Amino acid sequence: MTSRSLLRLALAGAVASGAVLLATLPADASKARRTVPVRLLALNDFHGHLEPPAGSSGRMVDEHGHTVDAGGAAYVATHMKALADENTIAVAQGDLIGATPLISAAYHDEPSIEFMDKLGLKVAAVGNHEFDEGYAELRRIMNGGCHPVDGCSPAGEWKGAKFDYVGANVLFKNPNEKTDALAALGAQQERARKLLADWGVPALPPVSVKWMNGVPVGFIGLVTQTTPSIVTSEGIKDLKFVDEVKAANVASKILKLVGVKAQVVLVHEGDQVNAGQSPDACSAIPGLGNRIATQVDPEVDIVLSGHSHQAYLCRVKDPAGRDRLYSQGGSFGRVITQVDLNVDVRTRDIDRASVVADNHVVTRTVQADPEISAFVQTWKDRVAPVANRAEGTITADITNTAVPSGESALGNLIADAQLAATKTGGNAQIALMNPGGVRASLGYASSPAGEGDGVVTYGEAFAVQPFNNLMQVVTLTGAQLKTLLEQQFTGGPNNQAFTKILQPSANFTYTYNRSAAWGSKVSDMKIDGVPVTDTQTVRVAANNFLVGGGDAFLAFRDGTELWSGPLDIDAFVDYLGTNSPVAPPATNRITAVG
Ligand SMILES: [Zn+2]
């Protein structure tokens, strides 16, 4: 491991370097006896990356500013074992599952949960992606049982997660719904129920209490309240996702009710950063995560975050003006956040002055953990038949190589598939696909046996569309659609760094002029040959990444009447199956001049 820079919360900005841990710093022996040490090791946004993530997803800027290879379950395990001591509680901040590679996704992410159990994870906040397959499926992941449609995985009947999933701001819409979310509070659950009477009926355990060295540490789970706009609506139709701060404050009261004053928030919401900085820097730009970290009840001592896939260690002020740790550990198992703290045995509260945090990059220069390597290999072998399943055929290579207009044959094919998948439920009229999301090409001769028969396997299709993005449809005006297309080009108010030409469905055509000024480049938009007016409405299908304003396509955020549909990979595979043999689409939808 490289040298670690430590964020020491209470020492007025002092950042010590070297491997100094607070447990080695008792002022005197009697004082040392009055506090006990606790170490938290935290992960967030693992997203099922059992195998070392490839490309930029598998690289991380380290403490020295070097970009290094990072991540992979067997390396996470090695680093966790090296960092864990007898005072350790392993925790996580959500999106452990959902939007996962095929090795995990093919088995409804049971392999990833089993890995987390093997790591010794004790508590995790739910993330938005924990709801990707709906609340009922999340309950199955938590409690066990075989999948209602796909049955048991090759590993046999699912036993359920050994760790606790918590989510204090996830409530049932129906105030009379029966809940078992407070069961873990035992004799105190009636008092907790009374406390919640005017608040709502929790759909998930709001808190989890873990004992360490004779003191209880309470964990409050929170998930971004934007969850309903980023997961399929059907699966969460009985739930509401309420304000994170309000929910945390209610959960904090529940913990106090049961005598727990050492309180840690695990929140699946976070902030963006100024890129390229050390994972130990406070590079976070105050946003939705900072709001939560600064506003939750002063009784909360530490806020560990997630969702934005960034790494940072910040010291923020709580509402009482005291320093509070606010951190995140990147994504995909590339960073483990270590937090050391002391709990006062008498008051049972965390000594804020003792809190020290350190983000460790999960490098691959250590030896891979042999047990986890074998575990991952087992699932690789199991998924091979799924990966090799034939989904359709193509008549020639269909590549993601852009022609001068910016279209690619495969990008256009995906847009056509996305329109087909969203026409009925979402009333989509056109589809637009981000070029960066077309991750690989389809080769005519690249079928597993190499026989050159144009077969496209599920594994090949998944390599093209690996994000498990949701298809969504929003309503834009013609003028907003034009603004969206202007946002493809560098410059403009969003300061796009690159020109990114969205891949259009076959029925949508337009012209752009490279040499025209920003804002006047796009003209002649037509849907099915009919000109688009500024005031008409257009139902536009795109993946949830774009609809959320990804790649600086901020005009998507002005969309209304959001509809969420199938996964993008399912849309793609269905289209290949229905339309085989598929020929490479023409790349004549956009006319580029100038
Ligand atoms: Zn998330």
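A brief structural summary.

What counts, and where the lines are drawn
- Residues numbered from 1 in each chain as written.
- Predicted model: local features only at pLDDT ≥ 70, side-chain atom pairs only at ≥ 80, totals over all residues.
- Heavy atoms only, no water.
- Helix = DSSP H or I, 4+ residues; strand = E, 2+ residues; numbered from the N terminus.
- Rg over C-alpha atoms; globule rule 2.2 N^0.38 Å.
- Buried < 20%, exposed > 50% of the residue type's maximum accessible area, 1.4 Å probe, protein only.
- Axes fitted to C-alpha atoms, helices over the stretch in contact; angles between N-to-C directions.
- Parallel < 35°, antiparallel > 145°, perpendicular 65-115°, else oblique.
- Contact = heavy atoms within 4.5 Å.
- Donors = N, O, S within 2.8 Å, 3.2 Å for Na, K, Ca; no water.
- Tetrahedral: all angles 85-135°; square planar, octahedral: opposite > 155°, others 65-115°.
- Salt bridge = Lys/Arg side-chain N within 4 Å of Asp/Glu carboxyl O.
- Pairing = 2+ DSSP bridges.
- Core = buried A, V, L, I, M, F, W, Y, C linked by side-chain atoms within 4.5 Å.
- Polar contact = N/O pair within 3.5 Å; in protein donor to acceptor, adjacent residues only side chain to side chain.
- Arc of directions from axis to C-beta.

1. A closer look at the overall build of the protein chain
- When its secondary structure is counted, the protein chain shows 15 helices and 29 strands.
- The C-alpha atoms of the protein chain give 25 Å as radius of gyration, which agrees with the globular expectation for 594 residues (25 Å, within 12%).
- Here the C-alpha coordinates of the protein chain stretch approximately 80 × 55 × 50 Å along the principal axes.
- Among the 594 residues that make up the protein chain, the fraction classed as buried is 55%.

2. Quick notes on the packing of helix α11 (residues 409-426) against helix α15 (residues 568-579)
- α15 packs onto α11 with a crossing angle of 95° between their chain directions and a minimal axis gap of 8 Å. Considered as vectors, α11 and α15 are oriented roughly perpendicular to each other. Of α15, the residues touching α11 (which contributes Leu410, Leu413, Ile414, Asp416, Ala417, Gln418, Ala420 and Ala421) are Asp568, Ala571, Phe572, Tyr575 and Leu576.

3. Here's the deal with the coordination of the zinc ion
- Bound to the zinc ion are the protein donor atoms Asp95 (OD), Asn128 (OD1), His268 (NE2) and His307 (ND1), situated 2.0 to 2.2 Å from the metal.
- Around the zinc ion, the four donor atoms are arranged such that angles at the metal cover 87 to 162°; this shape is classified as irregular.
- Sequence positions of the residues that donate to the zinc ion give the spacing D-x32-N-x139-H-x38-H. Residue Asn128 is found in the loop between β6 (121-125) and α5 (135-143), and its partner His307 is found in the loop between β14 (300-305) and β15 (311-317); the two are separated by 179 residues along the sequence.
- On the accessibility criterion, His307 (23% relative accessible area) is partly exposed.

4. Points about the pattern of salt bridges
- Tallying each qualifying case throughout the model produces 20 salt bridges.
- For Glu51, the salt bridge goes to Lys380, with nearest N and O atoms at 3.4 Å. Note that Glu51 is positioned in the loop between β2 (35-43) and β3 (59-61) and Lys380 in helix α10 (residues 370-387), a separation of 329 residues in sequence.
- Relative accessible area serves as the criterion here: at 31%, Glu51 is assigned to the partly exposed category.

5. Re the sheet that holds strand β8 (residues 170-172)
- Strand order in the open sheet formed by three strands is β9-β8-β12, with antiparallel pairing between adjacent strands. Because the sheet does not close on itself, it has two edges, and the strands there are β9 (201-202) and β12 (239-241).
- In terms of strand pairing, β8 meets β9 through two bridges, oriented antiparallel. The partner of Leu171 across the bridge, within β9, is Pro202.

6. Quick look at the sheet that holds strand β16 (residues 323-329)
- If you walk across this open sheet you meet the six strands as β10-β11-β13-β14-β16-β15, and the pairing is mixed. Lying at the two open borders of the sheet, with one neighbouring strand each, are β10 (207-212) and β15. Geometrically, the sheet is characterised by an average inter-axis angle of 20° between neighbouring strands, direction not taken into account.
- In terms of strand pairing, β14 meets β16 through three bridges, oriented parallel. Bridge assignment links Ile302 to a residue of β16, and that residue is Leu325.
- Set on the sheet, helix α9 (residues 288-295) makes contact with β11 (215-223), β13 (262-268), β14, β15 and β16; between it and β16 the angle comes to about 145°.

7. Overview of the nonpolar core
- Grouped together as the largest cluster of nonpolar side chains are 73 residues, with contacts concentrated most on Leu96, Phe115, Phe131, Tyr165 and Phe572.
- No other element matches the seven residues that helix α2 (residues 73-83) contributes to this core.
- If we ignore the near neighbours within four places in the chain, the residues touching Phe115 are Phe46, Leu50, Ala73, Val76, Ile372 and Phe375.
- Formed by 31 residues, the second largest nonpolar core is a distinct cluster that contains Leu185, Leu255, Ala284 and Cys314.

8. Concerning the side chain of Glu244
- Summarising the element assignment, Glu244 is placed in helix α8 (residues 244-257).
- A polar atom in the side chain of Glu244 sits 2.7 Å from the backbone nitrogen of Gln225.
- Side-chain polar atoms of Glu244 contact the side chain of Arg291, separated by 3.0 Å.
- Contact partners of Glu244, with chain neighbours within four places excluded, come to Asn169, Leu222, Val223, Thr224, Gln225, Glu269, Arg291 and Ile292.

9. Let's talk about the pairing of strand β27 (residues 537-543)
- When you tally the buried positions in β27, you get six out of seven residues, the bulk of the element.
- When strand β20 (residues 430-433) meets β27, the two strands line up parallel, connected through two bridges. Paired with Ala431 across the two strands is Ala541, which belongs to β27.
- Summarising the sheet, strand β22 (residues 470-477) and β27 pair through seven bridges and their orientation is antiparallel.

10. Describing unusual backbone geometry
- Looking along the chain, the bond that leaves Ser580 and enters Pro581 is cis, with omega of -5°.
- Positionally, Pro581 belongs in the loop between α15 and β29 (590-593).
- Here Asp528, not a glycine, exhibits a phi torsion of approximately 50°, which is positive.
- For Asp528, the position within the fold is in the loop between β25 (522-527) and β26 (530-531).
- Positive phi, close to 55°, is recorded for Glu561, a residue that is not glycine.
- Along the chain, Glu561 falls in strand β28 (residues 560-567).

11. Things to note about α9
- By the burial criterion, the buried members of α9 are Gly289, Asn290, Ile292 and Ala293. Angular distribution of buried residues about the axis of α9 spans 160°; they occupy a single face of the element.
- Tucked into the core, α9 has its buried residues touching β11, α8, β13, β14, β15 and β16.

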